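Structure assessment
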Amino acid sequence: YNDGLSRGLFMKEMTYREIIDQYHEFVYAPIGTSMLPLIREGKDTVKLIAINRPLKKYDVILYERKEQFILHRIVKVKKDTVDIVGDHQYLIEKDVSKKAIIAIMAGVYRGDRYLVSNSFQMKCYITTTIIMRCLRTYKAKLKRMLRKQS
C-alpha cells in the first residue's frame, strides 16, 4: 500500500517516524490494492504501533521506499533485512533494510469491528493468503512457460 500522499499536508508538520517516536501509535488509511482483501482502500484503516519486539514472519509493516510509504507483509526475516510482499501480490521484494521500517500493524478497523493482528481469525486469513499467493505464483510461471512454447 502506498499512502498516495507521500509527503502531504500532515507530513509537513510531522513525519510518520516522528509520530511513532512521540506517540508510539497512529491510525493510517492506506491507498492501493496490494493488501486486498484484508485492507480495502477507502473503507478500512490500520492501527500502527512502534516496534517493541523482534520482527516476525507474517508481520505487516509500514516502511519507506523512495519517499513512499508502503504497507506489506514480511515473508522472511534476516539479520538486517526482511523480504516482503503485499497480500494481493506474488512478487517478493527482497532485502528491505530494517532501518526503513517505521511501524508494525497492530490491527485493522473494518467499520465498527477491530481485527487484532495476532488473533485466530487473522491467522486463518494469513494461511489462506499464503495458499492463494502460491497459486498465483504457479499460475504466472505456467503462463510464462506456455508463452515460451508458442
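By secondary structure assignment, the location of Leu 142 is in helix α2 (residues 120-149). A C-alpha to C-alpha distance of 18 Å links Leu 142 and Ile 92, two positions 50 residues apart in sequence.

A few words now on helix α1 (residues 16-23). Within α1, the full set of buried residues consists of Tyr 16, Ile 19 and Ile 20. The arc that holds every buried residue of α1, seen down its axis, measures 95°, which confines them to one face. Among the structural elements, β1 (25-28), β2 (44-49), β3 (60-65), β4 (68-77) and β7 (101-110) are those in contact with the buried residues of α1. The positive-phi residue at the C-terminal boundary of α1 is His 24, with phi of around 70°.

In this section: the environment of Leu 91. Mapping Leu 91 onto the fold places it in the loop between β5 (81-85) and β6 (93-97). A sequence separation of 42 residues divides Leu 91 from Arg 133, and the C-alpha atoms of the two residues are 9.2 Å apart. With residues up to four places along the chain from it excluded, the contact list for Leu 91 reads Ile 84 and Val 85.

Together, Lys 139, Lys 141, Lys 143, Arg 144, Arg 147 and Lys 148 make up a positively charged patch on the protein surface. Within the secondary structure, Lys 141 is located in helix α2.

That bond from Leu 36 to Pro 37 is cis: its omega, -5°, falls within 30 degrees of zero. Relative to the helices and strands, Pro 37 resides in the loop between β1 and β2. Its identity is not glycine, yet His 24 carries a phi of approximately 70°, on the positive side. Residue His 24 is classed as partly exposed on the basis of its relative accessible area of 49%. Positive phi, normally seen in glycine, also occurs at Glu 67, with a value near 65°. Among the structural elements, Glu 67 can be located in the loop between β3 and β4. Residue classification places Glu 67 among the exposed positions, given a relative accessible area of 51%.

The rules behind each value
Sequence order sets the numbering: in each chain, residues are counted from 1 along the sequence as written. The predicted nature of this model means local features are confined to residues of pLDDT at least 70 and side-chain atom pairs, given and counted, to a pLDDT of 80 or more, with totals for whole chains, interfaces and linings taken over all residues. Side-chain metrics in this entry use all non-hydrogen atoms of the structure; hydrogen atoms and water are not considered. Strands are runs of DSSP state E lasting at least 2 residues, helices are runs of H or I lasting at least 4, and numbering of each runs from the N terminus. For every residue, the accessible area obtained with a 1.4 Å probe (protein chains only) is divided by the maximum for its type, and the residue is called buried under 20%, exposed over 50%, and partly exposed between those limits. This arc corresponds to the set of directions leading from the helix axis out to the C-beta atoms. Any two residues having at least one pair of non-hydrogen atoms within 4.5 Å are treated as being in contact. Patch definition: residues above 30% relative accessible area lacking any salt bridge, with like charges linked at up to 9 Å and the nonpolar side chains Val, Leu, Ile, Met, Phe, Trp and Tyr linked at up to 5 Å. Residue-level accessible areas treat just the shown protein chains as cover; the underlying method is Shrake-Rupley with a 1.4 Å probe. A pairing counts as a salt bridge when a side-chain nitrogen of Lys or Arg comes within 4 Å of a carboxyl oxygen of Asp or Glu. In this tally, Asp and Glu contribute negative charge and Lys and Arg positive charge; neither His nor the terminal groups of the chain are included. Working definition for charges: the position is that of NZ of Lys, CZ of Arg, CG of Asp or CD of Glu.

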